[in-house]
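Per-entry structural report
Chain by chain, the residues run as shown.
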Amino acid sequence: MSIERSIKEDEFKTKIKDEIASFQLILSENLPFAIPHFLDRLSTLEIVFTANIEGKYDIEYYTIQDLNRLIVSVPLSLMAKEYEIIPEFKEKLYYELLVMSSTYISDKKRVKGFSVYQDYGLGNIGVILNKAYTELLTKRFFKCTNKKPKDNKDKKYYNRAMTIATKVEDFIGKEEMERAYFAGDYEYIIERFNAEGIDGVSFMKYMYGFRILEDDEFFEEVLNNISVSKKGKVKAKKYNKQ
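Only a predicted model underlies this, so the values are computations on that prediction, with no experimental measurement involved.

Thresholds, definitions, all that
- Residues numbered from 1 in each chain as written.
- Predicted model: local features only at pLDDT ≥ 70, side-chain atom pairs only at ≥ 80, totals over all residues.
- Heavy atoms only, no water.
- Pairing = 2+ DSSP bridges.
- Helix = DSSP H or I, 4+ residues; strand = E, 2+ residues; numbered from the N terminus.
- Axes fitted to C-alpha atoms, helices over the stretch in contact; angles between N-to-C directions.
- Phe/Tyr/Trp six-rings, centres within 6.5 Å; stacked < 30°, edge-to-face > 60°.
- Buried < 20%, exposed > 50% of the residue type's maximum accessible area, 1.4 Å probe, protein only.
- Salt bridge = Lys/Arg side-chain N within 4 Å of Asp/Glu carboxyl O.
- pLDDT = per-residue confidence, 0-100.
- Contact = heavy atoms within 4.5 Å.
- Core = buried A, V, L, I, M, F, W, Y, C linked by side-chain atoms within 4.5 Å.

Take the sheet that holds strand E5 (residues 109-112) next. Taking strand neighbours across the sheet as the criterion, the three strands line up as E4-E5-E6 in an open arrangement whose pairing is antiparallel. With partners counted over all chains shown, the strands left at the sheet margins are strand E4 (103-106) and strand E6 (115-118), one partner each. Strand after strand, the sheet turns through a mean of 20 degrees between neighbouring axes, direction not considered.

This is the structure:
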């Protein structure tokens, strides 16, 4: 690596850390109960740079075993210019920091909010719900729109996932859902569904495959099965999981 590139990456890393500080401030003002989860992950976070041959900025949170990283892609063709925090990168950074704040590893599985990734890909659940709910929180608290779907198929998937996340939150309750997300408490969603006569495990399994996004009848069947008629009861209940 050239000295010039190393200096630019150090400067860009400082800019990223400034944005992380802004993220923390917004989080503390709106979702203070999430701060302990955020700080715990932040304490061991690495920022690692890679070159993007397509000339784009990108960022992704990555964790497995002891790794806890933000992988930052910067344009390979960028020579004389400094690296910039463009709006699309900033939005993705906030999204990935939400993912980081809701992540933990236990018993050979990675939990990210409402999604569970088992070793060898067996038993993965909740991924669609989790991605959509992370997007919902990004929009709600960080005033971000995130990347627009590229084509009609992507738009269909995006809209359906967001519809599901919104309907589940209506059923669970806004604060209940937010608290469970940052605790990585996917089991709470299952328990709440089961308590209302809905098979929570099956629902979370539906949230892994693409059938829920592709099959019109199946999507409507699952969506209509999520009750929204007991909001008063939901709001009276307090999230007490540790």
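Within the structure shown, the criterion is met by 18 aromatic pairs. Plain terms: the ring middles of Phe-23 and Phe-38 are 5.4 Å apart, the flat faces sit at 45 degrees to each other, and that makes the pair tilted. A residue pair is termed long-range when its members are at least 10 positions apart, and Phe-23 in helix H1 (residues 3-30) and Phe-38 in helix H2 (residues 35-42) qualify at 15 residues. Phe-38 carries the same exposure label as Phe-23, and that label is buried.

This part takes up the sheet that holds strand E3 (residues 67-75). As summarised here, the arrangement of the three strands in space is E1-E3-E2, forming an open sheet in which the pairing is mixed. Each having just a single partner strand, strand E1 (46-52) and strand E2 (58-64) make up the two edges of the open sheet. For this sheet the average axis-to-axis angle between neighbouring strands, irrespective of direction, equals 25 degrees. Examined bridge by bridge, E1 and E3 share seven bridges and lie parallel to one another. What sits directly across from Thr-50, in E3, is Ser-73.

Below, the discussion takes up the pairing of E4. Where E4 and E5 come together, four bridges link them in antiparallel fashion. Note that in E5 the partner of Tyr-104 across the bridge is Val-111. Hairpin connection, E4 to E5: the antiparallel pair is bridged by two residues, and Asp-107 has positive phi, about 50 degrees.

With the rule as written, the count across this model stands at 14 salt bridges. Lys-156 serves as the salt-bridge partner of Asp-216, at 3.3 Å between the closest nitrogen and oxygen. Taken together, the residues span a long stretch of sequence, with Asp-216 in helix H10 (residues 216-224) and Lys-156 in helix H5 (residues 152-172) at a distance of 60 residues. Look at Asp-216 and you get partly exposed, because its relative accessible area is 43%. Residue Arg-192 pairs with Glu-176 through a salt bridge whose shortest N-O separation is 3.8 Å. Of the two residues, Arg-192 sits in helix H7 (residues 186-195) while Glu-176 sits in helix H6 (residues 174-182), which places them 16 residues apart along the sequence.

Across the chain, the average pLDDT comes to 87, with 86% of residues at or above 70. Overall, residues 231-236 carries pLDDT values under 50, and its contacts beyond four positions in sequence, including any with other chains, amount to six contacts.

Now for the nonpolar core. Side chains of nonpolar character tend, in soluble globular proteins, to be buried together. Counting residues in hydrophobic clusters, the biggest one holds 67 residues, and the most contacted among them are Leu-129 and Phe-203. Beyond its immediate sequence surroundings of up to four residues, Phe-203 is in contact with Leu-129, Ile-164, Val-168, Phe-193, Val-222 and Ile-226.

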